[in-house]
Amino acid sequence: MKDRRKILFESLLILLSTIFSLVCGSILAMLILLSVYTGPNFLLGLSATKYQSLIENHLFLSWLTILGEGLALLFIWLFNNFLFKVKVFFLNKKFFRALAIGSPVIIFIGINLYVYLSKKSAISFFDFFTAASVSLLVGIFEEYAARGMIIGKLEESTAKNFSFFVTVIISAIFFSALHLINLFSASLEITSVQIIYTSALGILFGLVYLVTKNLTVTIISHTLIDFIAFMADPKAIFGLGHPTVNLIDFVFNLTILIIFFAYAKLFLKKINLKKLQKNWN
């Protein structure tokens, strides 16, 4: 029980460190770009009007988002390298098995692709570059923290403190909790649907990493989902626009969550858990 509490506490610290990395990455990126756009004395000479014009500048927002996500990734890597020291596994011979286990993700990729194709809107090269860059950085950052660090922390002990299924669920809760920060820019209804949506993805991606120790596949899947969504609505990259949700969105995502919950539960019942445990030890 004592070891279990210790591991949960350390997992909570990883969550707080991840949020801290996001916030500090955004703040530092803002300070760097303000100094570039307005000079080293920007804190003294920056007027409210000038600041407002900058945050409404598409080019400024693009670089702010890219740089902020890149710095957040750097910070969480530093936290893990010097504080938590959780070993994260990126690529191994189980790549195609990881693809097979994570194949239900095609549901979300297909939906986003349908939305993108139905809009038939032109997108500039720079918006394409921004969408690709942000999607990749977000994919690496969130998968590294939510799957690599959390599952690695929960499974690094030789004593089995949690069942494999509970490990997947804790990882999914961690992943969805990261998106609570969206309450600062979105309504409660939209954020609620995002929480359900990310919980479903968290279960699936957690299962993939737990069984295969292959983070590359979850990064690729995560990046692809976000990239298509950003291509369909470039303003979503910056948390702008006015998205809406309805009861159908809520019911659909809740249904997918239940299906992925059952999928993970049944999958872990059918595999050799002793062999899986040996793989982590």
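Here, the structure is the one placed above.
As the structure is a prediction and not an experimental result, all values here were calculated from the model. (Residues numbered from 1 in each chain as written. Predicted model: local features only at pLDDT ≥ 70, side-chain atom pairs only at ≥ 80, totals over all residues. Heavy atoms only, no water.)

**Points about the packing of helix α8 (residues 164–178) against helix α9 (residues 188–212)**
Inference 1: At a minimum axis separation of 8 Å, α8 and α9 run at an interaxial angle of 135°. Classified by the angle between their axes, α8 and α9 sit oblique to one another. Where α8 crosses over α9, the two elements pack in a sense that is right-handed. Facing Phe-164, Thr-167, Val-168, Ile-169, Ala-172, Phe-175 and Ser-176 of α8, the residues of α9 in contact are Ile-195, Thr-198, Ser-199, Leu-201, Gly-202, Ile-203, Gly-206, Leu-207 and Leu-210. (Axes fitted to C-alpha atoms, helices over the stretch in contact; angles between N-to-C directions. Helix = DSSP H or I, 4+ residues; strand = E, 2+ residues; numbered from the N terminus. Parallel < 35°, antiparallel > 145°, perpendicular 65-115°, else oblique. Left-handed = near helix turned anticlockwise from the far one by under 90°. Contact = heavy atoms within 4.5 Å.)

**Focus: α8**
Inference 1: With 15 residues, α8 should cover 21 Å at 1.5 Å per step; its first-to-last C-alpha distance of 22 Å lies within 8% of that length.
Inference 2: For α8, the buried fraction is high: 11 of the 15 residues fall into the buried class.
Inference 3: Those residues of α8 that sit buried are Phe-164, Phe-165, Thr-167, Val-168, Ile-170, Ser-171, Ala-172, Phe-174, Phe-175, Ser-176 and Leu-178. (Expected span 1.5 Å × (residues − 1). Buried < 20%, exposed > 50% of the residue type's maximum accessible area, 1.4 Å probe, protein only.)

**A closer look at the packing of aromatic side chains**
Inference 1: The tally for this structure, following the rule as stated, stands at 13 aromatic pairs.
Inference 2: Measuring from ring centre to ring centre gives 5.9 Å for Phe-20 and Phe-79, while their planes differ by 80°; the resulting arrangement is edge-to-face. Placement of Phe-20 in helix α1 (residues 2–38) and of Phe-79 in helix α4 (residues 58–84) is noted, with a sequence separation of 59 residues between them.
Inference 3: Accessibility expressed as a relative area gives 44% for Phe-20, which makes it partly exposed.
Inference 4: Relative accessible area serves as the criterion here: at 22%, Phe-79 is assigned to the partly exposed category.
Inference 5: These aromatic residues form a ring-pair network of at least three members: Trp-63, Phe-126 and Phe-129.
Inference 6: Positioned over the ring face of Phe-89 is Lys-213, at 3.9 Å from the centre of the ring. (Phe/Tyr/Trp six-rings, centres within 6.5 Å; stacked < 30°, edge-to-face > 60°. Lys NZ or Arg CZ within 6 Å of the ring centre and 35° of its normal.)

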